[in-house]
Amino acid sequence: MHILLALRLKILLILLLTLICSVCGSISAVAQQRILGASGFQLDDLSGSLRFLRLDLQSPLSSSYSLHFPATPPPNGVNFLISDQNGNLSWVTNALPTLTAGAIWYGNASNIATELPGGSNGSILSISPTGFPQWVTTIPTGIMVPASQISSGTLQPGTTIIVGNGATVQPSGTGQVISNGLVGSGLNKFSGSVIIPLNAITLSIPYPGIISTSVVLVSIIDPSGQTDEVSVTSITPGVGFTIRFGGFYPTTTGQLNYLVIN
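Keep in mind the model is a prediction, meaning the values are calculated, not measured.

A. Main features of the confidence of the model for the protein chain. For the protein chain, mean pLDDT is 84; residues scoring 70 or higher make up 84% of the total. Taken together, the stretch residues 26-32 has pLDDT below 50 and engages in zero contacts with residues farther than four places along the chain or on a different chain.

B. Representation of the packing of aromatic side chains. Overall, the coordinates contain three aromatic pairs when judged by the stated rule. Residues Tyr 106 and Phe 132 carry aromatic rings whose centres are separated by 6.2 Å and whose planes lie at 65° to one another, so their mutual orientation is edge-to-face. Of this pair, Tyr 106 sits in strand 5 (residues 104-107) while Phe 132 sits in the loop between strand 7 (124-127) and strand 8 (133-136), and the two are 26 residues apart along the sequence. Here Tyr 106 falls in the partly exposed class, since its relative accessible area comes to 22%. Residue classification places Phe 132 among the partly exposed residues on the basis of a relative accessible area of 27%. Geometrically, the ring pair formed by Phe 245 and Tyr 249 is tilted, given 5.7 Å between the ring centres and 45° between the ring planes. Assessed through its relative accessible area of 0%, Tyr 249 is described here as buried.

C. The arrangement of unusual backbone geometry in detail. The step from Ser 59 to Pro 60 runs through a cis peptide bond, and the omega angle for that step is -5°. Topologically, Pro 60 is positioned in the loop between strand 2 (52-56) and strand 3 (80-83). One non-glycine residue with positive phi stands out, namely Asn 199, at about 65°. Within the fold, Asn 199 resides in the loop between strand 9 (191-195) and strand 10 (202-206).

D. Representation of the nonpolar core. One finds Phe 241, Phe 245 and Val 260 to be the most contacted residues of the largest nonpolar core, which totals 14 residues. Of all elements in the fold, only strand 10, strand 13 (240-245) and strand 14 (255-261) reach the threshold of two or more residues within this core. In this structure, Phe 241 is in contact with Leu 203, Ser 204, Ile 205, Tyr 207, Ile 210, Val 216, Val 218, Ser 234, Ile 235, Tyr 258 and Val 260, ignoring residues within four places of it in sequence.

Conventions and cut-offs
- Residues numbered from 1 in each chain as written.
- Predicted model: local features only at pLDDT ≥ 70, side-chain atom pairs only at ≥ 80, totals over all residues.
- Heavy atoms only, no water.
- pLDDT = per-residue confidence, 0-100.
- Contact = heavy atoms within 4.5 Å.
- Phe/Tyr/Trp six-rings, centres within 6.5 Å; stacked < 30°, edge-to-face > 60°.
- Helix = DSSP H or I, 4+ residues; strand = E, 2+ residues; numbered from the N terminus.
- Buried < 20%, exposed > 50% of the residue type's maximum accessible area, 1.4 Å probe, protein only.
- Core = buried A, V, L, I, M, F, W, Y, C linked by side-chain atoms within 4.5 Å.

And the structure:
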């Protein structure tokens, strides 16, 4: 009786050991893979605060992929973790690619950082009509440069500066406007000529730019040889001036020349 019981116990022990070995073998195989099926997992701080960090996946996945973390820890104080197309992660100190010396980054039409090479010496960074940065060598239309920022220089041949309505070029203090040639003859200009009517004794000449302190120089030229005394009798600021002859002018060929100096 005792021998039979001992034999049964021995058989049961063998079966139990066989089962344990089989389970251990399966656990060992699983441990080598160490893959757990889960859509996410949580890490808590062990403080009992019930606060946690959760890592999970977007669902559904478009395809399966793997991310392979680097074998070494972050090498610097500030690092970026980037991945190549195979999911291999690595540490870098700059998230952008290398940038050519003198170049700058800008966002292109696809919102992607794009390199803009440096401009030529003295060029200006401007915005194109399409809204992108560009290098130019002239001041774009619409950009105003105060006269106080213009120091000196030489205008290129053929350059014309137009003084528009209401604008003036005026010296201040000991400043001077120096010219080796003035072009300004004609109606309402600083110099001009008008025909003297027959038997005229006075003549009013319009000149809106005249001021009360203007100096007006007048003279007569007449192909017939006629001469006469002429003088300025009055100045009306913003309107013009009036001259008077020494007597009734006797010809129709006379011409009065004037010069207004403000």
